[in-house]
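The residues making up each chain are set out below.
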Amino acid sequence: MNRSAKTPVFPNLRHAVKAKHGLEKESMRIFFDGRIATTPHPESLGSSLTNHFIKTDFSEPQLEFATNPRPRIEAIVRELQDLHIFTSRHLKEEWIWPFSMPPILPKEDKDIPLGQYGHSFSGEWKTVYRNGLGLRYGRRMQTISGVHYNFSFSNLFLKQILGKEIQSFTKEEISELYLSVTRNFMRRVPEILYLTGATPVFDETFLPVPSDFPFVKHKEYTYYAPYATSLRMSEIGYTSKVQDELPINYNSLKEYIDGMCYAVSTPYSKYQPYGGIPNQLNDHYLQIENEFYSPIRPKQIPKNDERPLDALQSRGIQYIEIRCLDLQPESPTGIHKPSLGYIQMVLLDGLLKESKSIDQKEKLRIRENTKRIIWEGRKPGLKVLDDDGGEEDFLTRGKEFTQSLLPIAEELDRHTGKRFYQEILNIMNKRWDDPKCTPSGKLMDRILTEDWEFRDLGIHLAKENYRNQSQMELTPGKFNMFAKEVQKSLAEKVKIEESEKVKKNPTARICNH
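Nothing here was measured: the structure is a model prediction, and the numbers come from that model.

Cut-offs and rules
Residues numbered from 1 in each chain as written. Predicted model: local features only at pLDDT ≥ 70, side-chain atom pairs only at ≥ 80, totals over all residues. Heavy atoms only, no water. Helix = DSSP H or I, 4+ residues; strand = E, 2+ residues; numbered from the N terminus. Rg over C-alpha atoms; globule rule 2.2 N^0.38 Å. Buried < 20%, exposed > 50% of the residue type's maximum accessible area, 1.4 Å probe, protein only. Areas by Shrake-Rupley, 256 points an atom, 1.4 Å probe, with all protein chains shown as cover. Axes fitted to C-alpha atoms, helices over the stretch in contact; angles between N-to-C directions. Parallel < 35°, antiparallel > 145°, perpendicular 65-115°, else oblique. Contact = heavy atoms within 4.5 Å. Nonpolar A, V, L, I, M, F, W, Y, C, P; charged D, E, K, R; others polar. Pairing = 2+ DSSP bridges. pLDDT = per-residue confidence, 0-100. Salt bridge = Lys/Arg side-chain N within 4 Å of Asp/Glu carboxyl O. Expected span 1.5 Å × (residues − 1). Phe/Tyr/Trp six-rings, centres within 6.5 Å; stacked < 30°, edge-to-face > 60°. Lys NZ or Arg CZ within 6 Å of the ring centre and 35° of its normal. Core = buried A, V, L, I, M, F, W, Y, C linked by side-chain atoms within 4.5 Å.

J.: Explain the overall build of the protein chain to me, please; I cannot follow it from the model alone.
T.: The helix and strand tally for the protein chain stands at 17 helices and twelve strands. Relative to the 2.2 N^0.38 estimate, which gives 24 Å for 513 residues, the radius of gyration of the protein chain is 22 Å and therefore close to what a compact globule would have. C-alpha extents for the protein chain along the principal axes are approximately 55 × 55 × 55 Å. Buried residues in the protein chain amount to 59% of all 513 residues. When the accessible surface of the protein chain is summed, it comes to about 21,500 Å², and 52% of that surface belongs to carbon and sulfur atoms.

Below is the structure:
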């Protein structure tokens, strides 16, 4: 069931103010000269296998910070800041890289270290999975970092939307509601990338021979695409031609699960030469569900050894994960509250508006428009495809959409007593008025005007962030919480290694990547 055009708009958003927000943020550890760190994950940060707050992503030096779910955006941003303060105090002769595009990488792909999680079955399984990713997409691409923003509506707001008591909710109703939001969000990905993208530039060691792409060389080590917004989401980043052909869509929970089941259970001929363990978990289109690259994914928390798809099948969608956010280099934590607040408004708008199924024609149109914005989003006069087969001015379309969010912003602000959401729209409107005000525009302007090498600006910002965070104080409660988690995670890792001496069937396991 798709939400129809007759769905009523709910002007009272009192219960929409409080939602569940969570962040997962990746960042590389670097040496002082800008090279990717080759040291093991610091034991003083706990076990990357079991620490709830501080893990690693693809590569051993690729930190992944995870906040607890909180009812306010301000709370998760503050917790992420606290995690950076705690981490900075435990790094020895290393800094945290501020960009999504990676620091100076080794000449050989094989010298980019994979995440290491100990000698348990669970730990080795995670490393094999990462090795498979490296074989399929290249280790360099996997060193790109980003932000995942997890979001769910409050039960009181869902009660208001569905018009029934919380205990009467069905998984089908909630899942369809989140899929409606997901489809409408996919339609707005080009606008999101324009407003938040911050990856138009990279170091030469990321792509040693970039001749097949429209890049311009700056100084000795820097390449950029003149009008790009988010190369992280492009063909040199998290876009896969193989995955684009998979029959995965968001028109119903059954269709989504069926498509994902096909992807994780069907062999792909080009991956078969890699074999199985220890090179990769299997030769399927996707080794596991988490390999699927998409700007947004529906999620349900698995229990014990449950697969993500089984969790979705059993209990439906619990929250959605926004995956198209670049790190913001102007922020010491890589996160800007306005970006999160804007996305919250886009999600609310997507809930309150009609959300038709996305057919193949629209799917291709969204993909083409997204590609245009990734590569040429700041180009004057850029056109995108419209719903009728013609073209329309992108900046005009984008500004009109942003202005249409004003009633939502006013209503949210009315219940918070602040102007947080209306100020966000003012910020975004300035970006529509002048592409140089976008994160990608600001970054390119600084690099070209101040004549920076990308790597040198990264080192400069990393050092500045480290100095500032080292001087910031943690409350005793926060420090103790993180410190206790460090000790707890180390003990849990030992327990797991003791209990998993007998190897199990890897295809039955999930990866909390």
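There's plenty left to go through after this.
J.: In this structure, what is going on with unusual backbone geometry? I would like to understand it.
T.: At the junction of Ile277 and Pro278, the peptide bond is cis and its omega measures out at 15° in the coordinates. Looking at where Pro278 falls in the secondary structure, it is placed in the loop between helix H8 (253–265) and strand E9 (296–299). Of note, the phi angle at Glu93 is positive, near 55°, even though the residue is not glycine. Within the secondary structure, Glu93 is located in the loop between helix H1 (73–88) and strand E4 (95–96). Look at Asn304: it is not a glycine, yet its phi comes out positive at around 55°. Judged by relative accessible area, which is 74%, Asn304 ranks as exposed.

J.: Sorry if this is basic, but what is going on with the packing of helix H5 (residues 171–187) against helix H6 (residues 189–196) here?
T.: When two helices pack together, you describe them by how their axes are tilted relative to each other and by the distance separating the axes. Packing of H5 against H6 brings their axes to within 4 Å, and their N-to-C directions diverge by 60°. Classified by the angle their axes make, H5 and H6 are oblique. Taking contact as the criterion, the partners of Phe185, Met186 and Arg187 in H5 are, on H6, Val189, Pro190, Glu191 and Ile192. Here the contact of H5 with H6 is composed, by residue class, of five nonpolar, no polar and two charged.

J.: Looking at this structure, how should I read the sheet that holds strand E8 (residues 222–224)?
T.: Hydrogen bonds between backbone atoms are what pair the strands of a sheet, whose relative direction is either parallel or antiparallel. Strand order across the open sheet formed by three strands is E6-E8-E7, with antiparallel pairing between neighbours. Of all the strands in the sheet, the pair left with one neighbour each is strand E6 (201–203) and strand E7 (216–218). Sheet twist, expressed as the average angle between the axes of neighbouring strands with direction ignored, equals 30°. Lying over the sheet, helix H15 (residues 439–449) contacts E6, E7 and E8, oriented at roughly 55° with respect to E6.

J.: Explanation requested: the confidence of the model for the protein chain in the structure shown.
T.: The predicted coordinates should not be examined in detail at positions where pLDDT is low. Scored by pLDDT, the protein chain comes out at a mean of 93, with 95% of its residues at no less than 70. Low pLDDT, under 50, characterises residues 1–10; the stretch is placed with 20 contacts to residues that sit more than four places away or in other chains. A low-confidence stretch, residues 505–513 stays under pLDDT 50, and its non-local contacts, those more than four residues away or across chains, total 32 contacts.

J.: For this particular structure, what's the right way to read the pattern of salt bridges?
T.: Side chains bearing opposite charge may pair, as long as their charged atoms lie close to each other. All told, the structure shown has 39 salt bridges when counted by the stated rule. Glu330 is the partner of Lys442 in a salt bridge, and the nearest nitrogen-oxygen pair spans 3.9 Å. Taken together, the residues Lys442 in helix H15 and Glu330 in the loop between strand E10 (319–325) and helix H10 (337–352) connect sequence positions 112 residues apart. Owing to a relative accessible area of 37%, Lys442 belongs among the partly exposed residues under this scheme. Classification of Glu330 by relative accessible area gives exposed; the value is 52%. The partner of Arg397 in a salt bridge is Glu392, with the nearest N and O atoms 3.6 Å apart. Connected through shared salt-bridge partners, Arg187, Glu362, Arg365 and Asp387 make up one network.

J.: Just checking my understanding: could you explain the environment of Leu325 for this structure?
T.: Tracing the backbone through its elements, the reader meets Leu325 in strand E10. Taking the C-alpha atoms as reference points, Leu325 and Leu179, separated by 146 residues in sequence, lie 20 Å from one another. Leave out the neighbours within four places in its chain, and Leu325 touches Gly146, Val147, Tyr149, Thr196, Arg232, Leu340 and Ile343.

J.: Sorry if this is basic, but what is going on with helix H2 (residues 121–137) here?
T.: Every α-helix carries 3.6 residues per turn, so stepping three or four residues along brings you back to the same face. The end-to-end C-alpha distance of H2, which contains 17 residues, comes to 24 Å, matching closely the 24 Å that a straight helix rising 1.5 Å per residue would cover. Most of H2 is tucked away: 15 of the 17 residues are buried. One or two residues past the end of H2 sits Gly138, with phi positive at roughly 90°.

J.: What exactly am I supposed to notice about the pairing of strand E3 (residues 62–66) here?
T.: The two faces of the sheet receive side chains in turn, since in a regular strand these alternate between them. With five of its five residues buried, E3 lies for the most part within the structure. On E3, burial covers both faces: Gln62, Glu64 and Ala66 on one face and Leu63 and Phe65 on the other are all buried. In this structure, strand E2 (residues 54–56) lies alongside E3, joined through three bridges in antiparallel fashion. Directly across from Ile54, in E3, lies its bridge partner Phe65. As consecutive antiparallel partners, E2 and E3 are separated by five residues.

J.: Before we go on, may I ask you to explain H5 in this structure?
T.: Between the first and last C-alpha of H5 there are 24 Å, a value that for 17 residues agrees with the 24 Å anticipated at 1.5 Å per step. Buried residues dominate H5, accounting for 14 of its 17 residues.

J.: Is there a simple way to think about the packing of aromatic side chains in this case?
T.: Note on aromatic pairs: each is described by the distance of the centres and the angle between the planes. Scanning the model with the defined rule gives 29 aromatic pairs in all. Here Phe202 and Tyr223 contribute two aromatic rings whose centre-to-centre distance is 6.1 Å and whose plane-to-plane angle is 20°, an arrangement assigned as stacked. Placement of the pair is Phe202 in strand E6 and Tyr223 in strand E8, with a sequence separation of 21 residues. As far as burial versus exposure is concerned, Phe202 and Tyr223 are alike and both buried. Directly above the ring of Tyr117 sits Lys126, whose terminal nitrogen or CZ lies 5.3 Å from the centroid.

J.: Sorry if this is basic, but what is going on with the nonpolar core here?
T.: Side chains that are nonpolar tend, in soluble globular proteins, to be buried together. By size, the foremost hydrophobic cluster in this structure holds 137 residues, and its most contacted members are Tyr149, Phe153, Phe185 and Tyr342. Broken down by element, the residue count for this core peaks at nine residues, all from H10. If we skip the residues at most four places from it in the chain, Phe185 touches Ile192, Pro295, Ile296, Ile322, Cys324, Ile343, Val346 and Leu347.

J.: Even after reading the chapter, I still don't get the environment of Pro435, so can you show me in this structure?
T.: Structurally, Pro435 is set in the loop between helix H14 (420–433) and H15. Between the C-alpha atoms of Pro435 and Leu158, which are 277 residues apart in sequence, the distance is 37 Å. Filtering out sequence-adjacent residues up to four positions away, Pro435 remains in contact with Tyr194, Arg378, Leu395 and Gly441.

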